[in-house]
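The lines below spell out each chain.
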Amino acid sequence: GDSVTQMEGPVTLSEEAFLTINCTYTATGYPSLFWYVQYPGEGLQLLLKATKADDKGSNKGFEATYRKETTSFHLEKGSVQVSDSAVYFCAFVTGGGNKLTFGTGTQLKVEL
Amino acid sequence: GAGVSQSPRYKVAKRGQDVALRCDPISGHVSLFWYQQALGQGPEFLTYFQNEAQLDKSGLPSDRFFAERPEGSVSTLKIQRTQQEDSAVYLCASSRGGEVNQPQHFGDGTRLSIL
């Protein structure tokens with residue numbers, strides 16, 4: 001069935017380090033892909049999205065590229081900040097569908 | 001406010017009690033979703049409305065769960081005869097609809113604890 005696999009956390013990095021959070025998916029059809037972020041004490045917020053193969057979503061210095069051949073949508077940021085500490089969720093909606101299928105989330109901790 | 005509003009923010013109930021959780025979507029949003037998020041897990045889909053029509057309820061875990069959106073705006077998720085396994089954060093999301101894959105905007109959730 002449809003599913004999302006994310007790397008397990010917590011991921012702990014020093015400020016200004018490079019970030020990669022891996023995400024792969026199993027989906028029927030051609031999904032649209034999303035990264036959501038949940039800051040401490042806050043609700044889920046859409047971080048970025050990509051709707052077709054080879055699209056790159058970007059926001060706030062984060063990027064992710066829709067790789068159909070590897071069914072992946074890895075999240076990257078060149079230089080993380082303490083304020084990026086949060087839980088990151090990879091998710092998708094299958095073509096023509098509406099419900100989001102989420103991964104289990106990856107907690108990121110950034111230290112000075 | 002401009003966002004999705006959920007109430008109450010926290011709810012504690014004894015096993016066997018009925019609970020009702022409310023969601024106020026963003027004004028004008030056609031689509032409304034409910035998700036359940038267990039501790040340390042990602043949200044899992046429960047049900048979906050387009051206006052007042054419940055188009056998908058495939059994620060509701062049992063017939064104790066019931067959702068409604070009678071006027072196509074506010075929605076209520078009701079859980080009857082609560083069990084301890086119902087303890088979770090219940091998230092509501094809304095989207096403009098009318099186009100496939102519109103981004104969903106989430107509320108802060110209701111944290112339900114069943115004693």
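Residues numbered from 1 in each chain as written. Chains lettered and ligands numbered in written order. Predicted model: local features only at pLDDT ≥ 70, side-chain atom pairs only at ≥ 80, totals over all residues. Heavy atoms only, no water.

Enquirer: Explanation requested: the overall build of chain B in the structure shown.
Expert: Along the backbone of chain B there are zero helices and 11 strands. In chain B, the succession of α and β elements from N to C terminus is β-β-β-β-β-β-β-β-β-β-β. Relative to the 2.2 N^0.38 estimate, which gives 13 Å for 115 residues, the radius of gyration of chain B is 13 Å and therefore close to what a compact globule would have. Its C-alpha atoms give chain B principal-axis dimensions of roughly 40 × 25 × 25 Å. For chain B, the proportion of its 115 residues judged to be buried stands at 47%. When contacts within chain B are restricted to residue pairs at least 6 apart in sequence, those whose partners lie at least 24 apart make up 52%. Accessible area of chain B: about 5,900 Å², with a carbon and sulfur share of 44%. One finds the centroid of the 12 positive side-chain charges in chain B at a distance of 7 Å from the centroid of its 12 negative side-chain charges. (Helix = DSSP H or I, 4+ residues; strand = E, 2+ residues; numbered from the N terminus. Rg over C-alpha atoms; globule rule 2.2 N^0.38 Å. Buried < 20%, exposed > 50% of the residue type's maximum accessible area, 1.4 Å probe, protein only. Contact = heavy atoms within 4.5 Å. Areas by Shrake-Rupley, 256 points an atom, 1.4 Å probe, with all protein chains shown as cover. Lys, Arg positive; Asp, Glu negative; His and termini not counted. Charge placed at Lys NZ, Arg CZ, Asp CG, Glu CD.)

Enquirer: What is the right way to read the nonpolar core from this model?
Expert: Nonpolar side chains tend toward joint burial in soluble globular proteins. Residues and elements named next belong to chain A. If you look at the biggest cluster of nonpolar residues, it comprises 26 residues, and the most contacted ones within it are Trp-35, Leu-47, Leu-48, Phe-73, Leu-75 and Tyr-88. Secondary-structure elements contributing two or more residues to this core are strand 2 (11-14), strand 3 (19-21), strand 4 (23-26), strand 5 (32-38), strand 6 (44-50), strand 8 (62-65), strand 10 (86-93) and strand 12 (106-111). When residues in this core are grouped by element, the largest group, four residues, is from strand 10. (Core = buried A, V, L, I, M, F, W, Y, C linked by side-chain atoms within 4.5 Å.)

Enquirer: Mind showing me how you'd approach the sheet that holds strand 3 (residues 19-24) of chain B here?
Expert: Strand pairing in a sheet is mediated by backbone hydrogen bonds. Such pairs are either parallel or antiparallel. Residues and elements named next belong to chain B. What the four strands build is an open sheet, ordered 1-3-8-7; its pairing is antiparallel. This sheet does not close on itself; its edge strands, each paired only once, are strand 1 (5-7) and strand 7 (65-68). Between one strand and the next, the sheet's axes are offset by a mean angle of 15°, whatever the strand orientation. Sheet topology places strand 3 next to strand 8 (residues 75-79); five bridges connect them, and they run antiparallel. Paired with Leu-21 across the two strands is Leu-77, which belongs to strand 8. (Pairing = 2+ DSSP bridges. Axes fitted to C-alpha atoms, helices over the stretch in contact; angles between N-to-C directions.)

Enquirer: Would you mind going over the interface of chain A and chain B with me for this structure?
Expert: Accessible area lost on assembly of the parts is the figure often given for the size of an interface. In this complex, chain A contributes 21 residues to the contact, which on the side of chain B involves 20 residues. Between chain A and chain B, the buried area comes to about 1,500 Å², and carbon and sulfur atoms account for 54% of it. The tally of links between chain A and chain B comes to four residue pairs in polar contact (both at pLDDT 80 or more). Element by element, the count of residues in the side of chain A that touches chain B is highest for strand 5 of chain A, at four residues. Partitioned by chemical class, the residues of the side of chain A that touches chain B number eight nonpolar, 10 polar and three charged. (Buried area = accessible area lost by both parts, 1.4 Å probe. Polar contact = N/O pair within 3.5 Å; in protein donor to acceptor, adjacent residues only side chain to side chain. Nonpolar A, V, L, I, M, F, W, Y, C, P; charged D, E, K, R; others polar.)

Enquirer: Can you help me understand the state of the cysteines in this one?
Expert: Enumeration according to the criterion identifies two disulfides over all chains in this entry. Linked covalently through their sulfurs, Cys-23 of chain A and Cys-90 of chain A form a disulfide whose S-S length is 1.9 Å. Looking down the S-S bond of the Cys-23 of chain A and Cys-90 of chain A bridge, the torsion is -70°, so its handedness is left-handed. Taken together, the residues Cys-23 of chain A in strand 4 and Cys-90 of chain A in strand 10 connect sequence positions 67 residues apart. Since its relative accessible area comes to 0%, Cys-23 of chain A is described here as buried. Judged by relative accessible area, which is 2%, Cys-90 of chain A ranks as buried. The disulfide partner of Cys-23 of chain B is Cys-92 of chain B, and the gap between their sulfur atoms is 1.9 Å. Measuring handedness by torsion sign, the sulfur bridge of Cys-23 of chain B and Cys-92 of chain B sits at about -65° and is left-handed. With Cys-23 of chain B in strand 3 and Cys-92 of chain B in strand 9 (residues 88-95), the pair connects residues that are 69 residues apart, well separated along the chain. Classification of Cys-23 of chain B by relative accessible area gives buried; the value is 0%. (Disulfide = S-S within 2.5 Å.)

Taken by themselves, the reported measurements are silent on function.
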